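Reading the structure
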Amino acid sequence: MSRWHLRIFRAVFSIAWALSAGLAGLIIASLLLADGPTTAPRYVAISLTVSAILLGLAVLLFGIKGQTTALARAIAAHGEEMQRPLSRLATFLLLAGAGLVFLLAGLTAGVIARILDGAAVFG
């Protein structure tokens, strides 16, 4: 796995986990920033559940980034025969991560638009 490949991988997964965590925060903030009160328990429960799922995704993405980086460094130091399979795995993860970044960016834009309209995301 080349240095540039590793840097791009780390950048994409850093953006993905930051977007996921930020999106969770925006959903909770939308409950507080809405023009009208959002006190219906089902909307609060949905917002909290979706935020918890997004925070869990952020932790998972952060872990994948860290563990893959550590694995790449260990293989670079000790195992040349594992470079090719690791590079292929990282490429697949990178493609999935890039798709996830686009999805999360779109969701974040939608949540921000909903907040600017003065409404909670759910409710």
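Residues numbered from 1 in each chain as written. Predicted model: local features only at pLDDT ≥ 70, side-chain atom pairs only at ≥ 80, totals over all residues. Heavy atoms only, no water.

Concerning the overall build of the protein chain
Along the backbone of the protein chain there are three helices and zero strands. The helix and strand sequence of the protein chain, counted from the amino end, reads α-α-α. On C-alpha atoms alone, the protein chain measures out to a radius of gyration of 18 Å, which is more than a quarter above the 14 Å that the 2.2 N^0.38 rule sets for 123 residues. Overall, the protein chain is about 60 × 20 × 15 Å in size when its C-alpha atoms are taken along their principal axes. Per-residue burial for the protein chain yields a buried fraction of 32% across its 123 residues. If you sum the accessible surface of the protein chain, you get close to 7400 Å²; carbon and sulfur atoms cover 72% of it. The average position of the 9 basic charges and that of the 4 acidic charges among the side chains of the protein chain differ by 6 Å. (Helix = DSSP H or I, 4+ residues; strand = E, 2+ residues; numbered from the N terminus. Rg over C-alpha atoms; globule rule 2.2 N^0.38 Å. Buried < 20%, exposed > 50% of the residue type's maximum accessible area, 1.4 Å probe, protein only. Areas by Shrake-Rupley, 256 points an atom, 1.4 Å probe, with all protein chains shown as cover. Lys, Arg positive; Asp, Glu negative; His and termini not counted. Charge placed at Lys NZ, Arg CZ, Asp CG, Glu CD.)

Here we look at the packing of helix 1 (residues 3–33) against helix 3 (residues 83–116)
Between helix 1 and helix 3, the shortest axis-to-axis distance is 8 Å and the interhelical angle comes to 25°. Taken together, the axis directions place helix 1 and helix 3 in an arrangement best described as roughly parallel. Our pair here, helix 1 against helix 3, has a crossing hand that is left-handed. (Axes fitted to C-alpha atoms, helices over the stretch in contact; angles between N-to-C directions. Parallel < 35°, antiparallel > 145°, perpendicular 65-115°, else oblique. Left-handed = near helix turned anticlockwise from the far one by under 90°.)

Quick look at the packing of aromatic side chains
Applying the stated criterion across every chain, the model contains two aromatic pairs. Taking 5.2 Å as the distance between ring centres and 80° as the angle between the ring planes, the aromatic pair formed by Trp17 and Phe62 counts as edge-to-face. With a gap of 45 residues between them, Trp17 in helix 1 and Phe62 in helix 2 (residues 41–78) connect regions that are remote in the sequence. For Trp17, a relative accessible area of 30% translates into the label partly exposed. Relative accessible area serves as the criterion here: at 46%, Phe62 is assigned to the partly exposed category. The cationic tip of Arg7 hangs over the ring face of Trp4; the distance from NZ or CZ to the ring centre is 5.2 Å. (Phe/Tyr/Trp six-rings, centres within 6.5 Å; stacked < 30°, edge-to-face > 60°. Lys NZ or Arg CZ within 6 Å of the ring centre and 35° of its normal.)

Quick notes on helix 1
Compared with the 45 Å implied by 1.5 Å per residue over 31 residues, the 43 Å span of helix 1 between its first and last C-alpha is a close match. Burial in helix 1 covers these residues: His5, Leu6, Phe9, Val12, Phe13, Ala16, Ser20, Leu23, Ala24, Ile27, Ser30 and Leu31. On the buried face of helix 1, the contacting elements are helix 2 and helix 3. (Expected span 1.5 Å × (residues − 1). Contact = heavy atoms within 4.5 Å.)

Some thoughts on helix 2
Counted at 1.5 Å a residue, the expected span for helix 2 with its 38 residues is 56 Å, and the 55 Å between its end C-alpha atoms agrees. The inward-facing, buried residues of helix 2 contact helix 1 and helix 3.

Considerations on the environment of Gly36
Looking at the secondary structure, you find Gly36 in the loop between helix 1 and helix 2. Look at Gly36 and you get partly exposed, because its relative accessible area is 34%. Sequence separation between Gly36 and Thr68 is 32 residues; the distance between their C-alpha atoms is 45 Å.

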